[in-house]
Amino acid sequence: MELYNGQRPSVFKLLGKYMRKGLYGILTQGPIPTHLAFILDGNRRFAKKHKLPEGGGHKAGFLALLNVLTYCYELGVKYATIYAFSIDNFRRKPHEVQYVMDLMLEKIEGMIMEESIINAYDICVRFVGNLKLLSEPVKTAADKIMRATANNSKCVLLLAVCYTSTDEIVHAVEESSELNSNEFCNNQELEEANATGSSTVIQTENMESYSGIKLVDLEENTYINPYPDVLIRTSGETRLSNYLLWQTTNCILYSPHALWPEIGLRHVVWSVINFQRHYSYLEKHKEYLK
């Protein structure tokens, strides 16, 4: 009995892996989403429901996240985006904000320690959002793991921290304006230099009359690309909560009633099946938008 108990976890883990492989074999007969995005809703409610100590829900949620990312990797999903921390979350009680930041730092440092495993799976980790709002220790750790995994390409994990869509759109407009203004000035200087044989200074009124931002400029300067195929928000909520407002114009929305720590393989599988059911329509709509 002792030997059986000692082997039990590995046997069940192996069995589960082979069962998933068979299920994936069926799913991959159809199209697989390139990009799954997640809103991790319900950590605090899960802690209250199970009478866990403060922070217990977020710890359980992190374990659920690891499982979900494993399923995405095994299915061949190229991009997974996690709404880890909203700019609006800074309005919460200071000790709650500090706890999440400390937990984030702990998990990033854990990823750094497991860097060889991340590289073995060829996973690129990227933090996106208004990163200057991060505490200095978290920002330093995030920079370190991004540099360490920058050349990985099989799977990309995008962690949206200090993020809201409104902030992202403002950022995209500002970046596009700056790039287009610089390009306009350079072109004007080149044209006038060719005409006069010397360099000239662009007049301010000429710059103010320029408004050449295009849709493609904004899309190239958003934090999150490519756009998600499926957005999953747990706990039954159907609000986007200022997340991916720009990118979800042609996206399947899925809102299981499970709280985030309760999310499992069945939810990921159902989101893929739902995507496959609507795939033809989504592709036609993409062509229409071009």
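Residues numbered from 1 in each chain as written. Predicted model: local features only at pLDDT ≥ 70, side-chain atom pairs only at ≥ 80, totals over all residues. Heavy atoms only, no water.

Describing the overall build of the chain
For the chain, the count of helices and strands is eleven helices and six strands. Counting all 290 residues of the chain, 42% fall into the buried class. Total accessible area on the chain is roughly 16,800 Å²; 56% of this is exposed by carbon and sulfur atoms. (Helix = DSSP H or I, 4+ residues; strand = E, 2+ residues; numbered from the N terminus. Buried < 20%, exposed > 50% of the residue type's maximum accessible area, 1.4 Å probe, protein only. Areas by Shrake-Rupley, 256 points an atom, 1.4 Å probe, with all protein chains shown as cover.)

Brief notes about the pairing of strand E2 (residues 79–86)
Most of E2 sits inside the fold, with seven of its eight residues counted as buried. Sheet analysis places strand E1 (residues 35–39) next to E2, joined by five bridges and oriented parallel. Looking at the pairing, His35 lines up with Tyr79 of E2. Pairing between E2 and strand E4 (residues 155–163): seven bridges, direction parallel. Bridged to Ala80 within E4 is Leu157. (Pairing = 2+ DSSP bridges.)

Overview of the packing of aromatic side chains
Using the criterion set out here, one finds eight aromatic pairs in the structure. Relative to Tyr163, the ring of Tyr83 lies with its centre 5.7 Å away and its plane at 90°, an arrangement referred to as edge-to-face. Residue Tyr83 is located in strand E2, and its partner Tyr163 is located in strand E4; the two are separated by 80 residues in the primary sequence. Of the two residues examined, Tyr83 and Tyr163, each falls in the buried class. (Phe/Tyr/Trp six-rings, centres within 6.5 Å; stacked < 30°, edge-to-face > 60°.)

With respect to the nonpolar core
Formed by 49 residues in total, the largest nonpolar core has its most connected members in Met104, Ile108 and Phe127. The greatest single-element share of this core, amounting to eight residues, is contributed by helix H4 (residues 94–113). Discounting chain neighbours no more than four positions away, the residues touching Met104 are Phe85, Leu134, Val138 and Val161. Listed in part, the 16 residues of the second largest apolar core include Ile39, Val128, Ile224 and Tyr243. (Core = buried A, V, L, I, M, F, W, Y, C linked by side-chain atoms within 4.5 Å. Contact = heavy atoms within 4.5 Å.)

Some remarks on H4
Spanning 20 residues, H4 covers 29 Å between terminal C-alpha atoms, matching the ideal 28 Å at 1.5 Å per step. Burial in H4 covers these residues: Glu96, Val97, Val100, Met101, Leu103, Met104, Leu105, Ile108, Met111 and Ile112. (Expected span 1.5 Å × (residues − 1).)

Observations concerning the pairing of strand E3 (residues 123–128)
Across the six residues of E3, five count as buried, placing the element largely inside the fold. Pairing of E3 with E4 involves six bridges; the strand directions are parallel. Paired with Phe127 across the strands is Leu159, a residue of E4.

As for the side chain of Arg233
Mapping Arg233 onto the fold places it in strand E5 (residues 230–233). Here the side chain of Arg233 touches Asp41 through a polar contact of 3.0 Å, side chain to side chain. Excluding anything up to four places from it in sequence, Arg233 contacts Ile39, Asp41, Arg239, Leu240, Ser241, Tyr254, Ser255 and Pro256. (Polar contact = N/O pair within 3.5 Å; in protein donor to acceptor, adjacent residues only side chain to side chain.)

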